Amino acid sequence: MDTRTLLQWPIIRQLTGDDPFGRGNAVTSEATASMTPRTADADSVANSVCPYCAVGCAQLVYGKDGRVMHVEGDANSPVSRGRLCPKGAASEQLGNSPLRQTTIRYRAPYATEWTDLDYDTALDMIADRVLEARRNHWEDADDEGNTLRRTMGFASLGGATLDNEENYLIKKLFTAAGAVQLENQARI
Ligand code: SF4
């Protein structure tokens, strides 16, 4: 073994270099030193929250050329401290999957094919259905004359990724409309 190779031993580098505790360059191999982070050529990074469940793990979303290139945990989050479960770690697929739906899809009664709807048309259709269900299933009082003033014609089932503010508004909206069946994925 020549002297040059001997000097490259981690213990020698640790004792003679600027990394006496062997936590950095003293124990870094040439292969490791030649590597670059997969995010090195990202042109943007955004703070985000994992969309999948109510834990709310924080994410760093790296972008390149207008697309998400990588998603990883944000170590600054007091919630998740840099961690993501496998589902959250794979959420790059949510943005980049070729199967992702980016338009409103509608299959009319008895139709065999799905069609695209524009937002205004879809919102009008939803509003019409809500109003009709409310009207057709309104209950002013029960059989004994007790006041009800409610509708059983529609209900709300929220997803666990809805935040406090969204849940507050959903509760207000549906209660004001007379609905009493309000639930959330996180409770069932
Ligand atoms: S990373 Fe996993 S645990 Fe965290 S919010 Fe996403 S799905 Fe939930």
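Residues numbered from 1 in each chain as written. Predicted model: local features only at pLDDT ≥ 70, side-chain atom pairs only at ≥ 80, totals over all residues. Heavy atoms only, no water.

Novice: Where do I start with the overall build of the protein chain in this structure?
Specialist: If you tally the helices and strands in the protein chain, you get 7 helices and 9 strands. Computed over the C-alpha atoms, the radius of gyration of the protein chain is 28 Å, more than 25% above the 16 Å expected from 2.2 N^0.38 for a compact globule of 188 residues. In terms of principal-axis extent, the alpha carbons of the protein chain reach across some 100 × 40 × 25 Å. Per-residue burial over the protein chain gives 18% buried out of 188 residues. Within the protein chain, contacts between residues separated by at least 24 positions form 31% of all contacts whose residues are at least 6 apart in sequence. Accessible surface, the protein chain as shown: approximately 14,500 Å² in total, 54% of it carbon and sulfur. For the protein chain, the separation between the mean place of its 20 positive charges and that of its 26 negative charges on side chains is 4 Å. (Helix = DSSP H or I, 4+ residues; strand = E, 2+ residues; numbered from the N terminus. Rg over C-alpha atoms; globule rule 2.2 N^0.38 Å. Buried < 20%, exposed > 50% of the residue type's maximum accessible area, 1.4 Å probe, protein only. Contact = heavy atoms within 4.5 Å. Areas by Shrake-Rupley, 256 points an atom, 1.4 Å probe, with all protein chains shown as cover. Lys, Arg positive; Asp, Glu negative; His and termini not counted. Charge placed at Lys NZ, Arg CZ, Asp CG, Glu CD.)

Novice: Mind showing me how you'd approach the site of the ligand here?
Specialist: Within the structure, the ligand sits among Cys50, Tyr52, Cys53, Val55, Gly56, Cys57, Leu84, Cys85 and Gly88. Across the shell around the ligand, the residue classes break down as 7 nonpolar, 2 polar and no charged. (Near = heavy atom within 4 Å. Nonpolar A, V, L, I, M, F, W, Y, C, P; charged D, E, K, R; others polar.)

Novice: Even after reading the chapter, I still don't get the domain arrangement of the protein chain, so can you show me in this structure?
Specialist: When the parts come together, some accessible area is lost, and that loss is often what is quoted as the size of the interface. Here the protein chain is partitioned into domain 1 (3–30), domain 2 (44–96) and domain 3 (104–187). The C-alpha-based centres of domain 1 and domain 2 are spaced at 35 Å. (Domains from an automatic or database assignment.)

Novice: Teacher, can you tell me more about the pattern of salt bridges here?
Specialist: When their charged atoms lie close together, side chains carrying opposite charge are able to pair. In total, this model carries 2 salt bridges according to the counting rule given. With its nearest N and O atoms 2.7 Å apart, the salt bridge here joins Arg150 to Glu139. A residue pair is termed long-range when its members are at least 10 positions apart, and Arg150 in strand β7 (residues 147–151) and Glu139 in strand β6 (residues 138–141) qualify at 11 residues. Assessed through its relative accessible area of 26%, Arg150 is described here as partly exposed. You can call Glu139 partly exposed: its relative accessible area is 25%. (Salt bridge = Lys/Arg side-chain N within 4 Å of Asp/Glu carboxyl O.)

Novice: I tried to follow a nonpolar patch on the surface on my own but got confused; where do I start?
Specialist: A surface patch of nonpolar side chains, amounting to about 400 Å² of accessible area, comprises Leu6, Trp9, Ile11 and Leu15. Counting through the fold element by element, Trp9 comes out in the loop between α1 (3–7) and α2 (10–16). Given the relative accessible area of 40%, Trp9 is considered partly exposed. (Patch = residues over 30% accessible without salt bridge, like charges linked within 9 Å, V, L, I, M, F, W, Y side chains within 5 Å.)

Novice: Help me understand the pairing of β7, please; the structure alone is not making it clear to me.
Specialist: Looking down a regular strand, the side chains alternate between one sheet face and the other. As paired strands, β6 and β7 are joined by 3 bridges and run antiparallel to one another. Along β7, the bridge assignment pairs Trp138 with Thr151. Connecting β6 to the next strand, β7, in antiparallel fashion are 5 residues, including Gly145 with a positive phi near 85°. (Pairing = 2+ DSSP bridges.)

Novice: Mind showing me how you'd approach the environment of Ala155 here?
Specialist: Structurally, the position occupied by Ala155 is in the loop between β7 and β8 (156–158). Considering only alpha carbons, one finds Ala155 and Tyr110, 45 residues apart in sequence, at a separation of 24 Å.

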